[in-house]
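Tertiary structure, described
Spelled out, the chains give:
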Amino acid sequence: MLDCAIIGGGPAGLTAGLYTTRGGLENVTMFEKGMPGGQITQSSEIENYPGVTGEITGMDLMMPWPEQCQKFGLKHAMVEVTRVSKEGDIFKIHKGDGTIEEAHSVIIGTGSSPRRAGFAGEDEFFGRGVSTCATCDGFFYKGKEVAVIGGGDTALEEALYLAKICSKVYLIHRRDTFRSAPNTVERIKRTQNIELVLNSIPDEVYGDKMGVTGIRVKNNDGELRDIEVPGVFTFVGNDVNNQTLIQEDGSFLCDVNKSGEVIVDISMKTSVEGLYATGDMRIAAPKQVVSAAGDGAVAALQVISYVDEKLN
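Cut-offs used in this document
- Residues numbered from 1 in each chain as written.
- Predicted model: local features only at pLDDT ≥ 70, side-chain atom pairs only at ≥ 80, totals over all residues.
- Heavy atoms only, no water.
- Phe/Tyr/Trp six-rings, centres within 6.5 Å; stacked < 30°, edge-to-face > 60°.
- Buried < 20%, exposed > 50% of the residue type's maximum accessible area, 1.4 Å probe, protein only.
- Helix = DSSP H or I, 4+ residues; strand = E, 2+ residues; numbered from the N terminus.
- Lys NZ or Arg CZ within 6 Å of the ring centre and 35° of its normal.
- Polar contact = N/O pair within 3.5 Å; in protein donor to acceptor, adjacent residues only side chain to side chain.
- Contact = heavy atoms within 4.5 Å.
- Expected span 1.5 Å × (residues − 1).
- Pairing = 2+ DSSP bridges.
- Axes fitted to C-alpha atoms, helices over the stretch in contact; angles between N-to-C directions.
- Left-handed = near helix turned anticlockwise from the far one by under 90°.
- Salt bridge = Lys/Arg side-chain N within 4 Å of Asp/Glu carboxyl O.

Let's talk about the packing of aromatic side chains
For the structure on display, the rule yields 3 aromatic pairs. Measuring from centroid to centroid gives 6.5 Å for Phe139 and Phe140, while their planes differ by 70°, and the two rings are edge-to-face. A single burial state applies to Phe139 and to Phe140, both of which are exposed. Ring geometry for Tyr141 and Phe233: centres 5.8 Å apart, planes at 85°, overall edge-to-face. Of this pair, Tyr141 sits in the loop between helix 4 (134–137) and strand 10 (145–149) while Phe233 sits in strand 16 (residues 231–234); the two residues are 92 residues apart in sequence, bridging distant segments of the chain. When the ring centre of Phe126 is taken as origin, the NZ or CZ atom of Arg116, which lies over that ring, is 3.7 Å away.

Concerning the side chain of Asn193
In this structure, Asn193 sits in the loop between helix 6 (182–190) and strand 12 (194–197). Polar side-chain contacts of Asn193 include one of 2.9 Å to the backbone oxygen of Ala163. A polar side-chain atom of Asn193 sits 3.1 Å from the main-chain carbonyl oxygen of Cys166. Once you skip the residues sitting within four places of it in the chain, Asn193 turns out to touch Ala163, Cys166, Ser167, Lys168 and Val169.

Brief notes about helix 7 (residues 289–311)
Relative to the 33 Å expected for 23 residues at 1.5 Å per residue, helix 7 spans 33 Å between its end C-alpha atoms, a close match to the ideal helical length. Those residues of helix 7 not exposed but buried are Val289, Ala292, Ala293, Asp295, Gly296, Ala297, Ala299, Ala300, Val303, Ile304, Tyr306 and Val307.

As for the sheet that holds strand 2 (residues 28–31)
Here we have 5 strands laid out as an open sheet, ordered 3-2-1-7-18, and parallel in their pairing. Both edges of this open sheet fall to strand 3 (75–77) and strand 18 (275–277), since each of them pairs with a single strand only. Taken pair by pair, the neighbouring strands of this sheet meet at an average axis angle of 20°, ignoring direction. Across 4 bridges, strand 1 (residues 4–7) lies against strand 2 in parallel orientation. In the sheet register, Ala5 faces strand 2, and the bridge partner there is Thr29. In the packing of helix 7 onto the sheet, contacts are made with strand 1, strand 7 (106–108) and strand 18, and the angle to strand 18 comes to roughly 175°.

Some words on the packing of helix 5 (residues 153–165) against helix 6
At a minimum axis separation of 10 Å, helix 5 and helix 6 run at an interaxial angle of 35°. Seen along the crossing, helix 5 lies across helix 6 with a hand that is left-handed. Here Leu156, Glu157, Ala159 and Leu160 of helix 5 come into contact with helix 6, specifically with Thr184, Val185, Arg187 and Ile188.

A few points about the pattern of salt bridges
Any two side chains of opposite charge can pair, so long as their charged atoms come close to each other. Taken as a whole and judged by the stated rule, the model has 11 salt bridges. Residues Lys95 and Glu101 are paired through a salt bridge, measuring 3.0 Å at the closest nitrogen-oxygen approach. Assessed through its relative accessible area of 14%, Lys95 is described here as buried. Between Asp239 and Arg115 there is a salt bridge, and its shortest N-O distance comes to 3.0 Å. Residue Asp239 is found in strand 17 (residues 238–240), and its partner Arg115 is found in the loop between strand 8 (112–114) and strand 9 (130–131); the two are separated by 124 residues along the sequence. Owing to a relative accessible area of 38%, Asp239 belongs among the partly exposed residues under this scheme. For Arg115, a relative accessible area of 33% corresponds to the partly exposed category. Salt bridges sharing common partners tie together Lys168, Glu195 and Arg225.

All we've got here are geometric facts, nothing functional implied.
Written out as structure tokens, the structure is:
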């Protein structure tokens, strides 16, 4: 029987693992089907994590976290969790290999995934010129022109990253203002090889058997423009990874809002006793590494008290 099962190995899950084990819980397992670190490992540059200065990637930032956690006894199970259920006071952790583990408490931090923009050709050419990861695929377009779709922090940060290795970046945004930090917007405007394509939406990505050859955009007046590029990067938000909370009857284990985000209080408590939700999957998540880590710490401290009271 686990004292605590942690689902997800991003900043929230790793911090929860650090705090629960260092705080005295002896039987804690973090379930993460891949390598720990989370979505932030794909980020090309981190400049707003406290205490970190200089150029550092998301992978660089997260590299030492697992080792620090495991030093205090956190176990890492590299297996997919398909569902979390609860029978009486005990949580059931249903794993992809068909086995089940039991736990007194659960901290879930499965994050979110990049959302598709929904324009014609996006699915057809995904992986053949359409991408949601500049760090992963930007190198393939070194010295070439690319297009970036989106107006938030991620879109602008990745456009700046691509501008360093590509000859030109077309930044396509449906409005004429950005939902990003002012200093990031200023950097965009100062970067000579970034062209702003504002008040425009992607109409269609097209190409041939080799992949993408261009994107057609439509402005607010309905005018169409063809932009010849071999690569298109979309950053239009994320979808909550809440699948592990869906029960056999299709309902959720705990309360969620209309967007599928888990409803929690200030202590990360869900509507189910002993279940805590952290990071990008909870309501009103700032979607920042430092905030996710804070969530993990808060949830862990709650779990320590919960388990101690339950067992003693």
